[in-house]
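Structural overview for review
The primary structure of each chain is shown beneath.
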Amino acid sequence: MRDPDFDEIRTERLSVRRFHVGDRIAFHELRNIDSVARYQSWPFPYTESETKQFVRDMMKSHPGTIGEWFQFVVSLKENGRFIGDVGLKPLKVPTGQFMLGYSLFPEHQGQGYMTEALTYIIQYAFQTLKLDKALAYVDLRNDRSIRLLEGLNFRELKRWENFGVADADETLLFMIEKKRWRPIANNS
Ligand SMILES: CC(C)(COP(=O)(O)OP(=O)(O)OC[C@H]1O[C@@H](n2cnc3c(N)ncnc32)[C@H](O)[C@@H]1OP(=O)(O)O)[C@@H](O)C(=O)NCCC(=O)NCCS
């Protein structure tokens, strides 16, 4: 289900929200960090015009639109700082399934922020968008991402060798179904 009214999800420490024009500089910086881009599929270096177009598109998009990525900004509640982002795309087929992609600035890794953001976004996808299976592709060498997904109770569904990603060893597909999801007790 498309959600044109979406504005923000507030978690314990985070505001997970729509993109604003003011996010351009931080987003551009994030996309151009070598360690962040290493296992991702966007062009690197990521140009100013790609950033402008991306943020413009995101400001007009709505989460839950079938076949389209919606990118959430992950920011700190205490000071509004942009610390990363999460993309969500509901697949055309099979219906009900959605892809996830996510990144954090290196200085904000190792503090549980992405686990917190994804916990709420997946819950939102299951409850509000009425989707029922979350999927994520991960390069086998991306230990942090694999730990993150396993911590959220995802399990490996499939693996490929040299899956169209330059220099990729092996790509894993992780997934979790709504029926295996442990819902959050309280939204803050
Ligand atoms: C993938 C990525 C988002 C994971 O970031 P992360 O910081 O490891 O994930 P979290 O924010 O959930 O933090 C979890 C870590 O914080 C620790 N932590 C500290 N305080 C915590 C808290 N309050 N709650 C939970 N975990 C906490 C955990 O122990 C864990 O550390 P560990 O992995 O060393 O055991 C990050 O590595 C990244 O942006 N990578 C580059 C982009 C990328 O590759 N994206 C994925 C493509 S598939």
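For the structure itself, consult the block above.
One structure accompanies this document, and this report is about it. (Residues numbered from 1 in each chain as written. Predicted model: local features only at pLDDT ≥ 70, side-chain atom pairs only at ≥ 80, totals over all residues.)

1. Quick notes on the pairing of strand 6 (residues 133-139)
We apply this condition: The exposure label follows from counting other C-beta atoms within 10 Å of a residue's C-beta, where the C-beta atoms are placed from the backbone and the thresholds are 20 or more for buried and 12 or fewer for exposed, leaving partly exposed in between. Helix numbering and strand numbering both begin at the N terminus, where a helix is a DSSP run of H or I of at least 4 residues and a strand a DSSP run of E of at least 2. Strands qualify as paired when DSSP identifies two bridges or more between them. Seen with its strands pointing away from the viewer, a crossover is right-handed when the path leading from the first strand over the helix to the second is clockwise.
In terms of burial, strand 6 is largely enclosed, as five of its seven residues are buried. Across three bridges, strand 5 (residues 97-104) lies against strand 6 in parallel orientation. Within strand 6, the position partnered with Phe98 by the bridge is Ala134. You can see the chain leave strand 5, run along helix 4 (residues 113-127) and come back into strand 6, and the turn it takes is right-handed. Pairing analysis gives seven bridges linking strand 6 to strand 8 (residues 170-177), with the strands arranged antiparallel. Bridged to Leu135 within strand 8 is Met175.

2. Thoughts on unusual backbone geometry
Residue Pro45 follows Phe44 across a cis peptide bond; omega there is 0 degrees. In this structure, Pro45 sits in the loop between helix 2 (34-37) and helix 3 (48-60). The phi angle at Lys130 is positive, at roughly 60 degrees, despite the residue not being glycine. Exposure remark for Lys130: the 13 C-beta atoms within 10 Å place this residue in the partly exposed category. Of note, the phi angle at Asn153 is positive, near 80 degrees, even though the residue is not glycine. Within the secondary structure layout, Asn153 lies in the loop between helix 5 (143-151) and strand 7 (155-161). Classification of Asn153 as exposed rests on a count of 12 C-beta atoms within 10 Å.

3. Digging into the sheet that holds strand 6
What counts, and what does not: The axes used here are C-alpha line fits, helices contributing only the stretch in contact, and every angle between their N-to-C directions lies in the interval 0 to 180 degrees.
Here eight strands make up an open sheet; going across it, the order is 1-2-3-4-5-6-8-7 and the pairing mixed. Here the strands that pair on one side only, and so sit at the sheet edges, are strand 1 (8-10) and strand 7. Going from strand to strand, the sheet's axes swing by 25 degrees on average, the running direction of each strand aside. Where strand 4 (residues 82-90) meets strand 5, seven bridges bridge the pair, whose relative direction is antiparallel. Each bridged residue has a counterpart across the sheet, and for Lys89 the counterpart in strand 5 is Met99.

4. With respect to the site of the ligand
Applied cut-off: For each residue, a C-beta position is placed from the backbone atoms; the residue is near a molecule or strand when that point lies within 6 Å of it. Polarity classes work like this: nonpolar for Ala, Val, Leu, Ile, Met, Phe, Trp, Tyr, Cys and Pro, charged for Asp, Glu, Lys and Arg, and polar for all others, with Gly in that last group.
As a structural note, the neighbourhood of the ligand is formed by 20 residues, with Gln109, Gly112, Met114, Thr115 and Arg144 the closest of them. When residues of the shell around the ligand are traced back to their parent elements, those giving at least two are strand 5, helix 4, strand 6 and helix 5. In terms of residue class, the shell around the ligand is built from nine nonpolar, nine polar and two charged.

5. A look at the packing of helix 1 (residues 24-31) against helix 3
Under the convention used in this document: What sets the label is the angle itself: under 35 degrees gives roughly parallel, over 145 gives roughly antiparallel, 65 to 115 gives roughly perpendicular, and the rest give oblique. Note on convention: the crossing is left-handed when the near helix lies turned anticlockwise from the far helix by less than a right angle, right-handed when the turn is clockwise. Working definition of a contact: two residues with C-beta atoms, positioned from the backbone, lying within 7 Å.
Running from N to C, helix 1 and helix 3 point in directions that differ by 125 degrees, and their axes come no closer than 10 Å. By the angle between their directions, the pair helix 1 and helix 3 is classed as oblique. Where helix 1 crosses over helix 3, the two elements pack in a sense that is right-handed. Along the contact surface, helix 1 presents Arg24, Phe27, His28 and Arg31, while helix 3 presents Glu48, Thr51, Lys52 and Val55. Here the contact of helix 1 with helix 3 is built from residues that sort into two nonpolar, two polar and four charged.

6. Some words on the environment of Gly112
The topology assignment puts Gly112 in the loop between strand 5 and helix 4. Gly112 gets classed as partly exposed once you count the C-beta atoms within 10 Å, which come to 13. On a C-alpha basis, the gap between Gly112 and Leu148 in space is 8.9 Å, while along the polypeptide they are 36 residues apart.

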